[in-house]
Amino acid sequence: MKNNRCIIAFLGVLAILAGALLRKSEIDGTKVSATQLAEKTGEAPRVALTFDDGPGSETTERLLDGLKERNIKASFFLMGKNISGNENLVKRMKEEGHLIGNHTFNHVQLSHLSDAKACEEITRTSDAIYQITGQYTTFIRPPFGEWKKNLECIVTMLPVLWTVDPVDWNTDDVDLIVRRVEKVVQDEDIILLHDIYASSVDAAFRIADDLKDQGYTFVTVDKLILE
């Protein structure tokens, strides 16, 4: 990253994130189905599947297989300490068109660290991703959703939060995870899951199949927050 020092503009980030939270599926204050939305707007509703805490050697590989079968691109926010030994999975994510983001090295709460320690957590993971993909990631998902305001690092990154959280890390009940997502999901939603759990991978496939049947399309998270 050399000498490319910059300060991440927190207010600008908030504006971008606010745009990601807009609900296109609410027309005139009334929630409509994906089919109704497509009829009214001429556009299919979009959602992003995002996965934290990986890669996991077995679970992430199975997830990538299932996403490839379904022709779905997802977004992966990687923990740096889980990259070692799973370099082939990170390379595969890049080759298959998924978005790769940063989830710190040790899954730490950035707001509780000094700037120096927070930057170390971020840059170690970004460097590990670069060594495999040849690109520095532009996006970070801060663990626990807590970003550190005015953080100055040798990085230029945008924090990415979520709008649908089924708390999949706290249950192995696939049906429950699926219900929690499908009960609330709407156009432009960012769905949070964790690819280190087999139950979450199973739920992701169910969610993907169900939402596709309802007329949703799946995009990487950058398409929702930057377009």
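Use the structure listed above.
The rules we used
- Residues numbered from 1 in each chain as written.
- Predicted model: local features only at pLDDT ≥ 70, side-chain atom pairs only at ≥ 80, totals over all residues.
- Heavy atoms only, no water.
- Phe/Tyr/Trp six-rings, centres within 6.5 Å; stacked < 30°, edge-to-face > 60°.
- Helix = DSSP H or I, 4+ residues; strand = E, 2+ residues; numbered from the N terminus.
- Buried < 20%, exposed > 50% of the residue type's maximum accessible area, 1.4 Å probe, protein only.
- Arc of directions from axis to C-beta.
- Expected span 1.5 Å × (residues − 1).
- Contact = heavy atoms within 4.5 Å.
- Core = buried A, V, L, I, M, F, W, Y, C linked by side-chain atoms within 4.5 Å.
- Pairing = 2+ DSSP bridges.
- Axes fitted to C-alpha atoms, helices over the stretch in contact; angles between N-to-C directions.
- Parallel < 35°, antiparallel > 145°, perpendicular 65-115°, else oblique.
- Nonpolar A, V, L, I, M, F, W, Y, C, P; charged D, E, K, R; others polar.
- Right-handed = clockwise from strand over helix to strand, strands pointing away.
- Salt bridge = Lys/Arg side-chain N within 4 Å of Asp/Glu carboxyl O.

Student: Before we move on, can you summarise the packing of aromatic side chains with the specific residues and values?
Tutor: Applying the stated rule across the entire model yields two aromatic pairs. Ring geometry for phenylalanine 51 against phenylalanine 76: centres 5.4 Å apart, planes inclined by 25°, an arrangement best described as stacked. Of the two residues, phenylalanine 51 is situated in strand β4 (residues 46-52) and phenylalanine 76 in strand β5 (residues 75-78); the sequence distance between them amounts to 25 residues. Centre to centre, the rings of tyrosine 130 and tyrosine 136 are 4.3 Å apart; their planes meet at 10°, and the pair counts as stacked.

Student: Describe helix α4 (residues 87-95), and please don't skip the residues or the numbers.
Tutor: Among all positions of α4, only Leu89, Val90, Arg92 and Met93 are buried. Summarising the axial view, the buried residues of α4 lie within an arc of 160°, below the 170-degree limit, and thus occupy one face. Away from the buried face of α4 by more than 90 degrees, exposed residues Asn88 and Glu95 are located. Following α4 by one or two positions, glycine 97 adopts a phi angle in the positive range, close to 85°.

Student: Which residues make up helix α7 (residues 198-213), and what are the values?
Tutor: Residues spaced three or four apart along an α-helix face the same direction, because each turn holds 3.6 residues. With 16 residues, α7 should cover 22 Å at 1.5 Å per step; its first-to-last C-alpha distance of 23 Å lies within 8% of that length. When α7 is considered as a whole, its buried residues turn out to be Ser199, Ser200, Val201, Ala203, Ala204, Phe205, Ile207, Ala208 and Leu211. Elements that come into contact with the buried residues of α7 comprise β4, α3 (59-70), α6 (174-182), β10 (189-194) and β11 (217-218).

Student: Break down the nonpolar core for me, with residues and values.
Tutor: Generally speaking, nonpolar side chains in soluble globular proteins are found buried as a group. Core analysis: the largest hydrophobic core is formed by 33 residues, its most contacted members being Leu49, Phe76 and Ile191. Looking at this core, the elements that each hand over two or more residues are β4, α3, β5, α4, α6, β10 and α7. A per-element tally of this core places α7 first, with seven residues. Residues in contact with isoleucine 191, not counting those within four places in the same chain, are Ala48, Leu49, Thr50, Val164, Val181, Val185, Ile207 and Leu211. Core analysis: the second largest hydrophobic core is formed by 11 residues, Ala48, Phe77, Leu158 and Val221 among them.

Student: Give a detailed account of the pairing of β10, specifying residues and quantitative values.
Tutor: Among the six residues that make up β10, six are buried, leaving the element largely enclosed by the rest of the structure. Burial of the side chains of β10 extends over both faces: Asp189, Ile191 and Leu193 are buried on one face and Ile190, Leu192 and His194 on the other. Of the strand pairs in this sheet, β4 and β10 are connected by six bridges, and their pairing is parallel. Across the sheet, leucine 49 pairs through a bridge with isoleucine 191, a residue of β10.

Student: Which residues make up the packing of α3 against α7, and what values do they have?
Tutor: Between α3 and α7, whose axes approach to 9 Å, the crossing angle comes to 10°. Classed by the angle they form, the pair α3 and α7 counts as roughly parallel. When α3 is examined against α7, the residues Thr59, Arg62, Leu63, Gly66, Leu67 and Arg70 are found in contact with a partner set consisting of Ala198, Val201, Asp202, Ala204, Phe205, Ala208, Asp209 and Lys212. Looking at the contact of α3 with α7 residue by residue, the classes come out as seven nonpolar, two polar and five charged.

Student: Please set out the pairing of strand β6 (residues 99-102) residue by residue, giving values where relevant.
Tutor: Burial along β6 is two-sided: the face carrying Leu99 and Gly101 and the face carrying Ile100 and Asn102 are both buried. Sheet analysis places β5 next to β6, joined by four bridges and oriented parallel. Considered in β6, the bridge of phenylalanine 77 is made with glycine 101. In this region the chain leaves β5, passes through α4 and returns to the parallel neighbour β6; the handedness of that crossover is right-handed.

Student: Explain the pattern of salt bridges to me, and be specific about the residues and the numbers.
Tutor: Per the stated rule, a full pass over the model turns up seven salt bridges. When the shortest N-O distance is used, the salt bridge between arginine 62 and aspartate 202 registers 2.8 Å. Of this pair, arginine 62 sits in helix α3 while aspartate 202 sits in helix α7; the two residues are 140 residues apart in sequence, bridging distant segments of the chain. When the shortest N-O distance is used, the salt bridge between arginine 206 and aspartate 175 registers 3.0 Å. Separated by 31 residues along the polypeptide, arginine 206 in helix α7 and aspartate 175 in helix α6 bring together distant segments of the chain. Take aspartate 175: its relative accessible area is 40%, and that puts it in the partly exposed class. Connected via shared salt-bridge partners are Asp65, Arg92 and Glu96.

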